[in-house]
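# Residue-level structural notes
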2 protein chains.
Amino acid sequence: MEHYFIGADIGGTTVKLAFIREDGEITKKWEIPTNTEKKGESIPADIAESITEKMEEDRMDKELILGIGAGAPGFVDTKTGYIHEAVNIGWKDFNFGPLLSDLTGFPVWVDNDANLAALGENWLGAGKGCTELIAVTLGTGVGGGIIANGQVLNGANGTAAELGHVTVIPEGGAPCNCGKTGCLETVSSATGIVRRGKEMIGDYPESTLHPHIKTGALTAKDVFEASKAGDEAAKQVINEVTDVLGMAIANMAIAINPEKIVIGGGVSKAGDWLLEPLEKSYRKYALSRTAEASTFGIAELGNDAGVIGGAYLVKKNR
Amino acid sequence: MEHYFIGADIGGTTVKLAFIREDGEITKKWEIPTNTEKKGESIPADIAESITEKMEEDRMDKELILGIGAGAPGFVDTKTGYIHEAVNIGWKDFNFGPLLSDLTGFPVWVDNDANLAALGENWLGAGKGCTELIAVTLGTGVGGGIIANGQVLNGANGTAAELGHVTVIPEGGAPCNCGKTGCLETVSSATGIVRRGKEMIGDYPESTLHPHIKTGALTAKDVFEASKAGDEAAKQVINEVTDVLGMAIANMAIAINPEKIVIGGGVSKAGDWLLEPLEKSYRKYALSRTAEASTFGIAELGNDAGVIGGAYLVKKNR
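Definitions and cut-offs
Residues numbered from 1 in each chain as written. Chains lettered and ligands numbered in written order. Predicted model: local features only at pLDDT ≥ 70, side-chain atom pairs only at ≥ 80, totals over all residues. Heavy atoms only, no water. Helix = DSSP H or I, 4+ residues; strand = E, 2+ residues; numbered from the N terminus. Rg over C-alpha atoms; globule rule 2.2 N^0.38 Å. Buried < 20%, exposed > 50% of the residue type's maximum accessible area, 1.4 Å probe, protein only. Contact = heavy atoms within 4.5 Å. Buried area = accessible area lost by both parts, 1.4 Å probe. Salt bridge = Lys/Arg side-chain N within 4 Å of Asp/Glu carboxyl O. Least-squares fit on C-alpha atoms with pLDDT ≥ 70 in both. Domains from an automatic or database assignment. Pairing = 2+ DSSP bridges. Axes fitted to C-alpha atoms, helices over the stretch in contact; angles between N-to-C directions. Polar contact = N/O pair within 3.5 Å; in protein donor to acceptor, adjacent residues only side chain to side chain. Expected span 1.5 Å × (residues − 1). Arc of directions from axis to C-beta.

## What about the overall build of chain A?
- A tally of regular secondary structure across chain A gives 12 helices and 13 strands.
- Relative to a compact globule of 318 residues, whose C-alpha radius of gyration would be 20 Å, chain A shows 20 Å and is just as compact.
- Overall, chain A is about 65 × 45 × 35 Å in size when its C-alpha atoms are taken along their principal axes.
- Buried residues in chain A amount to 58% of all 318 residues.
- If you take every contact in chain A between residues at least 6 apart in sequence, the share linking residues at least 24 apart comes to 61%.

See below:
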């Protein structure tokens with residue numbers, strides 16, 4: 001009899017859900033909107049209802065479900081499934097895990113969304129089978145997940161692996177959403193790349209980035225494209241961004257000594273144009289023995305990383 | 001019947017050894033010289049012989065020994081007890097653990113010396129019972145040990161928690177023994193403090209540090225003493241050193257989210273004169289939620305941390 005995990009990846013606008021077989025194959029996936037009204041209080045019931053509906057569609061027996069692995073963007077007590085805070089969703093001191101378990105009748109495990117993505121890549125993606133892994137997500141912000149001794153690091157109060165908030169510019173750095181300045185996220189996120197692009201072109205009147213700014217929105221992709229085409233301002237931005245990111249990852253690697261470093265998120269679509277300078281910078285700042293142990297890779301599971309990580313969370317813990 | 005662990009802390013000049021009861025009490029401790037001749041090949045036999053001798057002295061039955069936990073300053077494969085390299089001792093590709101086990105007839109577990117000190121503090125010292133702990137040793141160099149999810153981090157090839165080699169000065173930093181520049185060890189070790197003191201006094205002709213330099217050796221202790229007495233150059237050095245160290249620890253804490261940060265080694269004898277500015281700097285650079293979770297403390301076990309950590313290594317693994 002085939003059994004199933006349920007993965008639930010809760011984001012600010014949608015909840016991604018999936019039925020996943022024990023070998024990791026997704027047999028069904030779907031999304032529901034995240035209802036953030038009333039501090040997101042209806043979300044557990046919305047998820048439970050949607051799961052019941054899809055199970056009925058597939059005539060799936062309750063006995064076949066091994067558990068739910070859920071991720072949320074915030075500070076999670078993984079032992080209890082309690083959410084200290086998940087700003088984008090509206091939760092604060094919200095007893096999510098037990099609530100979802102009561103509503104569905106299934107055991108529920110909860111973790112931070114970035115940790116779940118790291119777990120997904122660790123099970124079936126670019127970090128397959130690594131006992132030591134650093135996963136970095138470069139999107140609007142910079143997220144991180146760390147696996148050491150084969151386990152996700154959560155830390156004393158759920159803030160482990162918040163790589164976006166490593167200080168990379170001790171003085172005079174840009175302000176970060178977290179209240180500090182000079183965080184990695186202010187430099188090496190898509191937002192940071194655009195900001196540096198805009199600052200940089202003042203010194204480069206000939207830069208091909210100018211039209212992008214005039215016509216509206218400059219994107220991180222535009223900066224990478226211009227850099228590929230030889231634009232000096234863009235090349236300078238990519239150099240800076242990868243130098244700082246490589247140093248931050250090297251410093252993390254000195255703590256963790258990872259076998260693999262997996263880069264995901266929108267910015268990772270730049271592929272080798274990101275990885276090559278990044279790896280060069282990493283090897284400059286890492287201990288040589290630490291660098292020897294580690295390779296880089298682009299995340300392989302895309303938007304499915306969260307639900308697959310959720311399935312793996314159940315697989316590891318039940 | 002009382003059982004015993006044996007702790008062995010192997011350093012460049014002496015091997016510290018101890019019989020330790022299951023409750024952590026040291027019943028006997030002694031040292032033997034480290035014979036680094038012939039690439040340290042006699043060390044396992046020297047240790048085995050000395051243990052046999054002390055057991056005979058105490059008429060201790062072989063059956064009472066639960067195992068040996070040994071630490072060495074180098075890169076260790078903790079699964080096998082194999083030493084990749086321990087420069088100060090002369091070992092390279094040395095199958096230490098199995099060798100010592102064959103010679104004594106006891107099971108042997110091996111780890112890096114800084115990790116062992118962290119384990120000792122975690123069992124009975126300043127980091128007692130913490131599942132997330134960062135231990136930093138400020139001596140001639142800067143060593144580190146990390147405990148996460150209740151386990152020591154060793155990493156993919158034994159270089160985890162090499163905190164002394166975090167890059168804190170990306171450009172123009174002083175050269176480090178590891179071959180990089182700008183490592184934490186170049187700034188916040190006893191050696192780094194002295195170096196900065198010597199550099200600093202050029203700008204401070206009235207500094208009370210001048211006589212120390214003239215009469216011979218300036219020490220880190222002298223810099224702390226002068227700082228306490230109000231010397232401006234010394235205060236400046238201590239400010240710099242603790243600012244950089246606080247940032248490096250905060251960046252580590254963002255990976256680990258520790259409950260406790262334990263500072264040991266010779267420099268930690270400065271006590272609150274070190275801890276107060278250090279903690280202030282840490283709280284400036286850490287995420288506020290990460291900072292909330294953590295307190296600082298001075299290491300409590302002194303020179304016994306290694307052998308007690310060795311005992312704990314046996315206790316945890318056997």
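## A closer look at the interface of chain A and chain B
- Listed as interface residues are 41 residues of chain A and, on the opposing side, 41 residues of chain B.
- Interface area for chain A against chain B, summed over the two sides, is near 3,400 Å², with a carbon-plus-sulfur share of 55%.
- Among the residues of chain A in contact with chain B, Ile-254, Leu-287 and Arg-289 of chain A are the three that bury the most area, contributing 19% of the side total.
- Viewed at the interface, chain B and chain A are joined by zero salt bridges.
- Elements with a contribution of two residues or more to the side of chain A that touches chain B: strand S10 (142-148), strand S11 (151-152), helix H9 (232-256), helix H10 (272-285) and helix H11 (288-293) of chain A.
- With six residues, H9 of chain A is the single largest residue contributor to the side of chain A that touches chain B.

## Let's talk about the relation of the copies chain A and chain B
- Mapping chain A onto chain B calls for a screw motion: a turn of 180 degrees about the axis and a shift of 0.0 Å along it, with 0.0 Å RMSD after fitting. This pairing of chains is accounted for by a two-fold axis. When each C-alpha of chain A is compared by its distance to the rotation axis, Met-252 of chain A comes out closest, at 3.5 Å.
- With an isologous cut-off of 70% or more, the 100% of interface residues of chain A that recur at the interface of chain B puts this contact in the isologous class.

## What to know about the domain arrangement of chain A
All names here are of chain A.
- We note that the domain assignment places domain 1 (4-121 + 304-317) and domain 2 (128-299) within chain A.
- Taken over C-alpha atoms, the centre of domain 1 sits 28 Å from the centre of domain 2.
- Surface buried jointly by domain 1 and domain 2 totals about 1,100 Å² across both partners, of which 55% is contributed by carbon and sulfur atoms.
- In terms of surface lost to domain 2, no three residues of domain 1 exceed Phe-75, Asn-115 and Glu-121, which account for 45% of the buried area on that side.
- The interface formed by domain 1 and domain 2 holds zero salt bridges in total.

## Quick look at the sheet that holds S11 of chain A
Residues and elements named next belong to chain A.
- Pairing within the open sheet is mixed, and its five strands lie in the order S11-S10-S9-S12-S13. What marks the edges here is a single partner per strand, and that holds for S11 and strand S13 (295-298).
- When strand S9 (residues 133-138) meets strand S12 (residues 260-264), the two strands line up parallel, connected through five bridges. Bridge pairing in S12 places Val-136 opposite Ile-263.
- Strands in contact with helix H4 (residues 113-124) are S9, S10, S11 and S12; relative to S10, the strand with the most contacts, it is inclined by about 55 degrees.

## Description of the side chain of Ser-189 of chain A
Residue and element names in this part refer to chain A.
- Mapped onto the fold, Ser-189 is located in the loop between helix H5 (184-188) and helix H6 (190-200).
- Only 2.9 Å separates the side chain of Ser-189 from the backbone nitrogen of Gly-192, close enough to count as a polar contact.
- Setting aside anything within four residues of it in sequence, one finds Ser-189 in contact with Gly-139, Thr-140, Gly-141, Val-142, Leu-184 and Val-267.

## Describing the pattern of salt bridges
All names here are of chain B.
- Considering all chains together, one arrives at 28 salt bridges over all chains under this definition.
- Of the charged contacts, one joins Asp-58 and Lys-28 as a salt bridge, the two residues approaching to 2.8 Å between their closest N and O atoms. Note that Asp-58 is positioned in the loop between helix H2 (43-57) and strand S4 (65-72) and Lys-28 in strand S3 (residues 26-33), a separation of 30 residues in sequence.
- The partner of Glu-279 in a salt bridge is Arg-283, with the nearest N and O atoms 3.0 Å apart.

## Observations concerning the sheet that holds strand S5 (residues 75-77) of chain B
All names here are of chain B.
- With antiparallel pairing, the three strands of this open sheet are ordered in space as S5-S6-S7. The open sheet has two edge strands with one neighbour each: S5 and strand S7 (91-94). Between one strand axis and the next, the sheet turns through 15 degrees on average, direction left out of account.
- As paired elements, S5 and strand S6 (residues 82-86) share three bridges and run antiparallel to each other. Residue Asp-77 lies in a different strand from S6, and its bridge partner there is Tyr-82.

## Considerations on H2 of chain B
All names here are of chain B.
- Spanning 15 residues, H2 covers 21 Å between terminal C-alpha atoms, matching the ideal 21 Å at 1.5 Å per step.
- Turning to H2, its buried residues are Ile-43, Pro-44, Ile-47, Ala-48, Ser-50, Ile-51, Lys-54 and Met-55. The buried residues of H2 occupy an angular sector of 165 degrees when the element is viewed end-on, so they sit on one face. Every exposed residue of H2 that faces more than 90 degrees away from the buried side is listed here: Glu-49 and Glu-56.
- Downstream of H2 by a residue or two, Arg-59 has a phi angle that is positive, lying close to 50 degrees.

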